[in-house]
Amino acid sequence: MAHTGHIIGGAHVEGGEARIEVLNPATEEVIGSVPAGTPSDVDAAVAAARAAFDGWAGTPLAERIAVARRISAGIAERRDEIAATVTAEMGSPIKFATQVHASVPVATSGGIADVLENGFAWTEEVGNSLIVREPIGVVAAITPWNYPLHQIVAKVVPALAVGCTVVLKPSEVAPLTAAIFAEIVADAGVPAGAFNLVHGTGPVVGEALAAHPGVDMVSFTGSTRAGRRVSEVAAQTVKRVALELGGKSANVVLDDADLAKAVKLGVAGCFPNGGQSCNALSRMLVPESRLAEAVELAVAAAAKYTVGDPTDDSTRIGPMVSEAQRDRVVDYIRKGIEEGAKLVAGGPERPEGLEKGFFVRPTVFAGVTPEMTIAQEEIFGPVLSILPYRDEDEAVRIANGTDYGLAGAVFGSDERALAVARRLRTGQVDVNGGRFNPNAPFGGYKQSGNGREFGRHGIEEFLETKSIQR
């Protein structure tokens, strides 16, 4: 059983007597605990980060790049341990945990090093002015439970690489992976105080970080509701806030698309990680004339997503991360039925043979209209809504017709699909199954947040701009 503590100023700090238990969502057993951090823990961590800032910011860039590469290598070396920990604490199937949770951060952290090593513009001349980019200072990184390492790396590695110091607050629901990351950071040669880790809840530790006058920037990933609160609290000290929030992403299938491919990849974009992904393709938009065919294909595809023990290589959907999350997803499924959507796969009942664990059936709705709750609100579970449209303009209106704008997809002939992708009010769009790019910016429009992560754009989030006139 893993009992971990804070890391403050390079020292392991046990914290007070209050602890937060970590549950395995597949077995409902306690597998570890972390301290319930307090505002005084935050004060100590911020003080350590401030004390370390000048020295770390003054470290030669080449050494900070080397540290980023050592972090990337350290994640790769501990891949299997990381994957097993993610599976245990948040329920992602081991195959997905290995291939995505524990492997993508190797690429994204290495990508940060590549960008900085290959001509990143730290200065530029504009007339008689020298424009200089400098690290913003102390960064509070507040990360979610659904991708517990991926989101940590997206914030901490670029912040450290440009010379910022960091206080990390991982989700208290899935905090154990963060302890492994802290060891990797220390082994990579990050000096004491440049990286700090404080466990705890959002209302206590998260709010204390967002409000702290010693924090120069908050980088937050989580729900839109929580993001609004971070913005409110941080505004009192006028600090920079970067937000990566919720999504209700549309997969727009055009009438000239390869329908079988579009539906198969669309389901694959909705269900992985149990649907607990902010960029999940949770709405599938198909031409009215091909609706019946698309529904049939989606039901067949969904049937292949086996639900069960996440440590089994054959499992494709593990449990929801918690009982509360399971209940939330089931409530949305019931809401869909109540509002008149046609349930064609899955449903609110517990999957057969799974008496323990927070499991949900992979669910597909047809007959969904744009105003239905399941077509407007983020469910964060394996629930797909299929919506018909009459023409391309209506498809774009439906796709853009939510409060969110994080991700999306378009399938069709290349030129038409690209044209529709340009019309979507969303931060990232995949065309005909475009591959993930670790150096491309990721972030949202509208209530999906502000700011970007990964590559050059993710680096720039952690920099201030100074103009020197001569």
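Keep in mind it's a predicted model, so treat the numbers as computed, not measured.

Cut-offs used in this document
Residues numbered from 1 in each chain as written. Predicted model: local features only at pLDDT ≥ 70, side-chain atom pairs only at ≥ 80, totals over all residues. Heavy atoms only, no water. Helix = DSSP H or I, 4+ residues; strand = E, 2+ residues; numbered from the N terminus. Rg over C-alpha atoms; globule rule 2.2 N^0.38 Å. Buried < 20%, exposed > 50% of the residue type's maximum accessible area, 1.4 Å probe, protein only. Contact = heavy atoms within 4.5 Å. Areas by Shrake-Rupley, 256 points an atom, 1.4 Å probe, with all protein chains shown as cover. Pairing = 2+ DSSP bridges. Axes fitted to C-alpha atoms, helices over the stretch in contact; angles between N-to-C directions. Parallel < 35°, antiparallel > 145°, perpendicular 65-115°, else oblique. Left-handed = near helix turned anticlockwise from the far one by under 90°. Nonpolar A, V, L, I, M, F, W, Y, C, P; charged D, E, K, R; others polar. Salt bridge = Lys/Arg side-chain N within 4 Å of Asp/Glu carboxyl O. UniProt positions renumbered as here; feature names shortened; annotations may be inferred. Domains from an automatic or database assignment. Buried area = accessible area lost by both parts, 1.4 Å probe. Patch = residues over 30% accessible without salt bridge, like charges linked within 9 Å, V, L, I, M, F, W, Y side chains within 5 Å. Lys, Arg positive; Asp, Glu negative; His and termini not counted. Charge placed at Lys NZ, Arg CZ, Asp CG, Glu CD.

1. A short note on the overall build of the chain
Now for step 1: Within the chain, the regular secondary structure consists of 16 helices and 21 strands.
Now for step 2: Relative to the globule expectation of 23 Å for 470 residues, the C-alpha radius of gyration of the chain, 22 Å, shows essentially globular dimensions.
Now for step 3: Across its three principal directions, the C-alpha atoms of the chain cover 65 × 60 × 40 Å.
Now for step 4: For the chain, the proportion of its 470 residues judged to be buried stands at 57%.
Now for step 5: Partitioning the contacts of the chain with sequence separation of at least 6, the portion at a separation of at least 24 is 72%.
Now for step 6: When the accessible area of the chain is evaluated, it comes to approximately 18,400 Å², of which 51% is carbon and sulfur surface.

2. Observations concerning the sheet that holds strand 7 (residues 129–135)
Now for step 1: An order of 6-7-21 is seen for the 3 strands of this open sheet, with the pairing classed as antiparallel. Pairing within the sheet leaves two strands with one partner each, and these edge strands are strand 6 (123–126) and strand 21 (463–469). Across the sheet, the mean angle separating the axes of adjacent strands is 25° when strand polarity is ignored.
Now for step 2: Judged from the 7 bridges that link them, strand 7 and strand 21 form a sheet pairing that is antiparallel. Directly across from valine 132, in strand 21, lies its bridge partner lysine 466.

3. A short note on the packing of helix 2 (residues 61–77) against helix 7 (residues 176–187)
Now for step 1: Interaxial distance between helix 2 and helix 7 falls to 9 Å at its minimum, and their mutual angle equals 135°. As the angle between them shows, helix 2 and helix 7 are arranged oblique. Between helix 2 and helix 7 lies a crossing of right-handed hand. Within the contact between the two elements, helix 2 uses Ile71, Gly74 and Ile75 and helix 7 uses Phe181, Ile184 and Val185.
Now for step 2: For the contact of helix 2 with helix 7, the per-class residue count stands at 5 nonpolar, 1 polar and no charged.

4. Some words on the pattern of salt bridges
Now for step 1: Within this structure, the stated rule accounts for 27 salt bridges.
Now for step 2: For arginine 50, the salt bridge identified is with aspartate 216, shortest N-O distance 3.0 Å. Placement of the pair is arginine 50 in helix 1 (residues 39–57) and aspartate 216 in the loop between helix 8 (202–211) and strand 11 (217–221), with a sequence separation of 166 residues.
Now for step 3: A salt bridge links arginine 416 to glutamate 392; the nearest nitrogen and oxygen atoms lie 2.7 Å apart. Linking arginine 416 in helix 15 (residues 414–423) with glutamate 392 in helix 14 (residues 392–399), this pair joins segments that are 24 residues apart in sequence.
Now for step 4: Look at the salt bridges and you will find they share partners, linking Asp255, Asp256, Glu392, Asp393, Arg416 and Arg423 into a network.

5. Digging into the sheet that holds strand 5 (residues 29–35)
Now for step 1: Spatial ordering of the open sheet is given by 1-5-4, a layout of 3 strands whose pairing is mixed. Because the sheet does not close on itself, it has two edges, and the strands there are strand 1 (2–3) and strand 4 (19–24).
Now for step 2: Where strand 4 meets strand 5, 6 bridges bridge the pair, whose relative direction is antiparallel. For isoleucine 20, the partnering residue across the bridge sits in strand 5 and is valine 34.
Now for step 3: Its contacts with the sheet put helix 3 (residues 79–90) on strand 4 and strand 5, and the angle it makes with strand 4 is roughly 100°.

6. Details of the UniProt feature "domain: Aldehyde dehydrogenase" (unreviewed entry) in the chain
Now for step 1: Per the UniProt record, "domain: Aldehyde dehydrogenase" (unreviewed entry) is found at residues 14–468.
Now for step 2: Within the segment residues 14–468, helix and strand shares are 40% and 19% respectively, and the terminal C-alpha atoms sit 46 Å apart.

7. Regarding the domain arrangement of the chain
Now for step 1: For the chain, the assigned domains are domain 1 (6–245 + 448–469) and domain 2 (250–431).
Now for step 2: The C-alpha centroid of domain 2 is placed 30 Å from the C-alpha centroid of domain 1.
Now for step 3: Every contact between the two is made by 23 residues of domain 1 and, on the other side, 27 residues of domain 2.
Now for step 4: Both sides together, the interface formed by domain 1 and domain 2 hides about 2,000 Å², and carbon and sulfur atoms give 60% of it.
Now for step 5: Among the residues domain 1 hides against domain 2, the three largest losses belong to Pro93, Trp145 and Ser448. Together they make up 25% of the total.
Now for step 6: Taken together, the connections running from domain 1 to domain 2 amount to 0 salt bridges.
Now for step 7: Of all the secondary-structure elements, those providing two or more residues to the side of domain 1 that touches domain 2 are helix 3 and helix 4 (94–101).
Now for step 8: Top contributing element to the side of domain 1 that touches domain 2 by residue count: helix 4, with 4 residues.

8. A few points about the pairing of strand 12 (residues 240–244)
Now for step 1: Burial of strand 12 is extensive: 4 of the 5 residues sit out of reach of the surface.
Now for step 2: With 5 bridges connecting them, strand 11 and strand 12 associate as parallel partners. Counterpart to serine 219 in the pairing with strand 12 is alanine 242.
Now for step 3: Sheet topology note: the strand 12/strand 20 (residues 449–450) ladder contains 2 bridges and is antiparallel. Note that in strand 20 the partner of leucine 243 across the bridge is asparagine 450.

9. Quick look at the packing of helix 1 against helix 8
Now for step 1: Interaxial distance between helix 1 and helix 8 falls to 9 Å at its minimum, and their mutual angle equals 40°. Here helix 8 runs oblique to helix 1, going by the angle between their axes. Considering how the two elements wind past one another, helix 1 and helix 8 form a crossing that is right-handed. Between helix 1 and helix 8, the residues in contact are Pro39, Val42 and Val46 and Val204, Val205, Ala208 and Leu209, respectively.
Now for step 2: Per-class residue counts for the contact of helix 1 with helix 8 are 7 nonpolar, no polar and no charged.

10. Comments concerning a positive patch on the surface
Now for step 1: On the surface, a cluster of positive charge is made up of Lys95, Lys264, Lys304 and Arg316.
Now for step 2: By relative accessible area, which is 46% here, lysine 95 ends up partly exposed.

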